[in-house]
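# Chains, contacts and geometry: an overview
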Amino acid sequence: MEYVELKTDNAFCKIAKFGATLVDWKVDSNPVIFVSPNAVLDGKKAIRGGIPVCFPSFGPWSYGAQHGFARTSTWQVAEGPSNSGDESSVVLRLEDTEETRKIWNFKFTLDYKIKIHGSTLILDLDLKNVGDEEIS
């Protein structure tokens, strides 16, 4: 499984590109977020634990797997990672594909910015509709 790591002078986080799941965050070497050692990290099932991205649904829905397809999709690095002193960030991106449109027929770009500033973790999702249909 591929990961992206962010580091500052006193903080660290690790994000799996599979599902864009934040699987580790430490401040002053103390764990804040972690994934159970019993979690399956084979890239076939959603990672249980950490901070997942649930999109386009949270919970059960009639179109597909619980919590949507984002947590079982491989995300691409759109920007970064940049690591320096007290700030570090990366932008991961998920775009619609033929497979996602079979489940949820909308064209989109979903950017996920993960940033550490000092000892603060900042998470930001930005959904862009790149199609002609209104997303519902």
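A brief look at the structure comes next. Worth saying up front: this structure is predicted, and the values here are computed from it rather than measured. (Residues numbered from 1 in each chain as written. Predicted model: local features only at pLDDT ≥ 70, side-chain atom pairs only at ≥ 80, totals over all residues. Heavy atoms only, no water.)

## Looking at the overall build of the protein
Looking only at helices and strands, the protein has 1 helix and 8 strands in total. Listing the helices and strands of the protein from first to last along the sequence gives β-β-β-β-β-β-α-β-β. In terms of overall dimensions, the protein is globule-like: its C-alpha atoms have a radius of gyration of 15 Å, near the 14 Å expected for 136 residues. Its C-alpha atoms give the protein principal-axis dimensions of about 45 × 35 × 20 Å. Counting over 136 residues, the protein shows a buried share of 39%. Contacts spanning at least 24 positions in sequence make up 47% of the contacts within the protein whose residues lie at least 6 apart. Here the protein displays about 7900 Å² of accessible surface, and carbon together with sulfur accounts for 46% of that area. Across the protein, the centroid of the 15 positively charged side chains sits 6 Å from that of the 19 negatively charged ones. (Helix = DSSP H or I, 4+ residues; strand = E, 2+ residues; numbered from the N terminus. Rg over C-alpha atoms; globule rule 2.2 N^0.38 Å. Buried < 20%, exposed > 50% of the residue type's maximum accessible area, 1.4 Å probe, protein only. Contact = heavy atoms within 4.5 Å. Areas by Shrake-Rupley, 256 points an atom, 1.4 Å probe, with all protein chains shown as cover. Lys, Arg positive; Asp, Glu negative; His and termini not counted. Charge placed at Lys NZ, Arg CZ, Asp CG, Glu CD.)

## Thoughts on unusual backbone geometry
Following Phe55, the chain continues to Pro56 via a peptide bond in cis, the omega torsion being 5°. Looking at the element boundaries, Pro56 is found in the loop between β4 (30-34) and β5 (76-84). In this chain, Gly80 is followed by Pro81 through a cis amide linkage whose omega measures 5°. When you line up the elements, Pro81 lands in strand β5. One non-glycine residue, Ala20, lies in positive phi territory at about 50°. Turning to its location among the elements, Ala20 is positioned in the loop between β2 (11-16) and β3 (21-27). Classification of Ala20 by relative accessible area gives buried; the value is 0%. Although it is not a glycine, Asp28 adopts a positive phi angle of roughly 50°. Looking at the element boundaries, Asp28 is found in the loop between β3 and β4.

## Looking at the state of the cysteines
This model, assessed by the stated rule, comprises 0 disulfides. As a non-bridged cysteine, Cys13 has Cys54 as the owner of its nearest cysteine sulfur, 18 Å distant. For Cys13, a relative accessible area of 0% gives the class buried. For Cys54, a relative accessible area of 26% translates into the label partly exposed. (Disulfide = S-S within 2.5 Å.)

## Some words on the pairing of β4
Each regular strand displays side chains that alternate between the two surfaces of the sheet. Both β3 and β4 contribute to a ladder of 4 bridges, which runs antiparallel. The partner of Asp24 across the bridge, within β4, is Phe34. (Pairing = 2+ DSSP bridges.)

## Thoughts on the sheet that holds strand β7 (residues 108-117)
Strands belonging to one sheet form pairs held by backbone hydrogen bonds; the direction of such a pair is parallel or antiparallel. Spatial strand order, β5-β6-β7-β8: 4 strands in an open sheet with antiparallel pairing. The open sheet terminates on both sides in strands that have one partner only, identified here as β5 and β8 (120-129). Averaged over all pairs of adjacent strands, the angle between their axes in this sheet comes to 10°, without regard to strand direction. The pairing of strand β6 (residues 87-95) with β7 spans 9 bridges and is classified as antiparallel. Residue pairing in the sheet places Glu95 in a bridge with Thr109 of β7. (Axes fitted to C-alpha atoms, helices over the stretch in contact; angles between N-to-C directions.)

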